[in-house]
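Coordinates in review
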Amino acid sequence: MRFTRSLRLVLLTALPLGCPGDDTSATSADSTSSSGGSEESNTVGETSTQGTDSADTSAGTTTTATMTTSETDSATTAVDSSSSGMGDSSSGMAESSSGGGSSTGGGSSTGGGSSTGGTTDGGSSGTTGGPQAAWGDCFPDDTVCADTEACIQGGVPGGSWCAQQDCVTADDCPVLPPGGTAGAACADLDGSGTADCYISCEAGETCPDGMICVAAQACAWPVAGWTCNPNYYAANDGCDCGCGIVDPDCVDGNIATCQYCDDAGSCSAAVGGGCPGVIDPNDTTQCDLSVLWTCDPTLYGDGTVCDCGCGTVDPDCADATAASCDACNDAGSCDENGVDCSLIAPDNNADCGAPPGWLCDPAFYGDSVCDCGCGVVDSDCADASVASCQFCNDPGSCSEGEPACPGAIDPDDNSTCDPLANWTCNPAYYGDGSCDCGCGVVDSDCASASVLECQYCNDVGACSTSCADIQDNANSVCNPVPGWTCNPSYYGADDGCDCGCGIVDPDCADATAASCQFCNDAGSCDNTGGGCPGVIDAADNGVCDPTTVWTCNIDYYGGNDGCDCGCGLIDPDCVLNDVNACDYCDDTGSCTNGASCPADIDPANIGTCAVAVPDAWTCNDAYYGAADGCDCGCGVLDPDCADATVASCQFCGDVGSCAAGMACPANINAADNAQCV
């Protein structure tokens, strides 16, 4: 997971050296590099020219960018060392030509045929000789480009496309590859006087099938074999390992040079923890998965039987399914105490499937991360203590809705919750033989949650002073306090000062916003999610300052004129945070768009409207359009996001996000924050 990495927005161009008429003799002296395909040792200066000696001036173009020569061919890549982000400071792209004909006016190129004005004649490539691969993937083989095309490498050296040159308008560009919503564009990308065709994704359009949006500007083909974020490849941002091929940012193949080993897409991603993870010391592009093996090391790939449940798939297995298993109960297997292979996960024989009693997402069991409060101790946990926990509030966990670990998890049995974690009364009263009520948790002494079971309702710390205050079928909490809009159990519970709940909490030192400790409880008028003081009224912390987010007529807020709903805040005139309390839902400015009550008012916060969660939303439904911050990677743009860019993201690692468990910007698509690259 990275926090300081920035995407280099340079877009670099180089005419294909392999096209007819190209002369590679000018680069032959520089066509070797130090090791591993690194290009760093071949830098030949900021004002270097390629192929500009007197014999070759027709087949080359001078460039003022730093030129580097690859190990395997004489193709060059231009990197403007003085720019910040987008290559040439004037336009965000830098272009170099190394053979392939003249780039001025579409004139003739030596040995490469001719073109007229860069036109494409009905969407064809417009060339008279050489390959006809419009928009082709030209890294590292730039010879796929036609004579009138330049191999443009954008954002990352492995992101490329063959660009028709000397276009005048987008109509001169070839027919686009299939898929996507992006259209062709024509521009002088680097101020060189030569216009190039590109597929524009500048406004968040989707790219043709198989292409990616680089630099939030142009669609390109990602580097072949690279499994991590395409924008991390050769981005001068540190050495990424386990990504299928060598990152040119790596000095050599020594594992000690690895800086990022658990990128999304790295073979070491599931392990986490940074470098070296499970990166193979002898091949930093791959992982040595044997280090994850939990059974007898001699059984791993011993050429005999397929051993399962041992943390990683045995090379002896025909595939990763449970059907391939021969042995499942080896010492160290997650099914060590079993008698057969019935517990092995059907599609991942390295782990066990979720056992009976597991309450969380079955995919979370045995996934290399210790999930707690799920009814059964996760096989990924080092032991049953809360100290082993990595996630404590998964959906389905008994600690769901609580803060991160330890949450309410039992210190000695991380499969369950400590019943006293949310108990507000004297701990000695829990399970002492008498049914105590109003204490936040149903006492184990109560035969049921009915108020009829209650024996004590006025304990210190209880929300109640008598059993008349207790809810009929939930004896751990109280009936709503008149005027109180938040959870009744929070009122006067000696649990901290809750604000914006209609009336002042007795737990508050005074009525000012300075006393507030909790400002955006469910039911609070402050639904902005920004913490205290948020929009709480400075002098009356039971209500909010309406001038901040009230969207209806300001005179209606607390005007003793009835309960106005959907106006951004809960109206103080509303007796309860209940849609049945709404008198007016069609005010100008209400989110209901003029509909009569109850319209689509949110039952959980009558100051707002309920949001219809799209089927394509993959994260917790409660996060969609909840005014709780911009959630990204969830399949659909969150209405809470200022725009669709990754810069708007506040939460990227939600369960269900394609960047689950990662901090922003993670691998979120720069122009479409609902998706990952």
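Just above, that's the structure.
To start, this report covers the structure provided alongside it. Positions within a chain are numbered from 1, following the residues in the order the chain's sequence is written. With the structure being a predicted model, the display of local features is reserved for residues of pLDDT at least 70 and the display and counting of side-chain atom pairs for 80 or more, all residues being used for whole-chain, interface and lining totals. No hydrogens and no water enter the side-chain calculation; it runs on all heavy atoms of the structure.

1. A look at unusual backbone geometry
For residues besides glycine, phi is generally negative; the peptide bonds are generally trans as well. Quick reminder of the rule: The helix and strand labels rest on DSSP assignments: H or I over at least four residues marks a helix, E over at least two residues marks a strand, and numbering proceeds from the N terminus.
In this model, C275 is joined to P276 through a cis peptide bond whose omega is 5°. Here P276 is to be found in the loop between β10 (218-220) and β11 (279-280). Residue P665 is reached from C664 by a cis peptide bond, and omega for that bond is 5°. Here P665 shows up in the segment after β18 (605-609). A positive phi angle, near 60°, is found at D166, a position not held by glycine. Position of D166 relative to the elements: it lies in the loop between β6 (160-164) and β7 (183-187). At N560, a residue that is not glycine, the phi angle is positive and equals roughly 55°.

2. Some remarks on the pairing of strand β16 (residues 474-478)
Note the cut-off: Using a 1.4 Å probe on the protein chains alone, a residue whose accessible area is under 20% of its type maximum counts as buried, one over 50% counts as exposed, and one in between counts as partly exposed. Two strands form a pair only when DSSP identifies at least two bridges running between them.
With four of five residues buried, β16 lies mostly within the body of the structure. Here strand β15 (residues 470-471) pairs with β16 via two bridges, running antiparallel. Paired with I470 across the two strands is C478, which belongs to β16.

3. Here we look at the nonpolar core
Note the following rule: Remark: nonpolar core denotes a set of buried residues (Ala, Val, Leu, Ile, Met, Phe, Trp, Tyr, Cys) joined through side-chain atoms within 4.5 Å. Working rule for contacts: check all heavy atoms of both residues, and any pair within 4.5 Å makes them a contact.
Core analysis: the biggest nonpolar cluster contains 25 residues, and C499, I536, C544, C565, L569, I601 and I606 have the highest contact counts within it. Excluding residues within four positions of it along the chain, C499 makes contact with C508, C516, F518, C519, S524, I536 and N541.

4. What to know about the packing of aromatic side chains
The test is simple: Pairing of aromatic side chains requires ring centres within 6.5 Å, counting the rings of Phe and Tyr and the six-membered ring of Trp. Pairs whose planes differ by under 30 degrees are stacked, by over 60 edge-to-face, and all others tilted.
For the structure shown, the criterion picks out seven aromatic pairs. Seen in terms of ring centroids, W484 and Y491 are 4.9 Å apart; in terms of plane orientation they differ by 70°. Their pairing is edge-to-face. W484 gets classed as buried once you look at its relative accessible area, which sits at 2%. Here the aromatic rings of W550 and Y557 are separated by 4.9 Å at their centres, their planes lie at 70°, and the arrangement is edge-to-face. Here the two residues W550 and Y557 agree in accessibility, since each one is buried.

5. A short note on the state of the cysteines
Here a disulfide denotes a covalent bond joining the sulfur atom of one cysteine to the sulfur atom of another. Test applied: Cysteine sulfur atoms are paired as a disulfide whenever they fall within 2.5 Å.
This structure, assessed with the given rule, holds 40 disulfides. Two residues share a disulfide in this structure: C241 and C258, whose sulfurs sit 2.1 Å from each other. Linking C241 and C258, the disulfide has an S-S dihedral of approximately -95° and is accordingly described as left-handed. In this pair, C241 is assigned in the loop between β10 and β11 and C258 in the loop between β10 and β11, connecting sequence segments 17 residues apart. Between the sulfur atoms of C261 and its disulfide mate C275 the distance is 2.1 Å. The sign of the S-S torsion, about 105°, decides the handedness of the disulfide formed by C261 and C275: right-handed. With a gap of 14 residues between them, C261 in the loop between β10 and β11 and C275 in the loop between β10 and β11 connect regions that are remote in the sequence.

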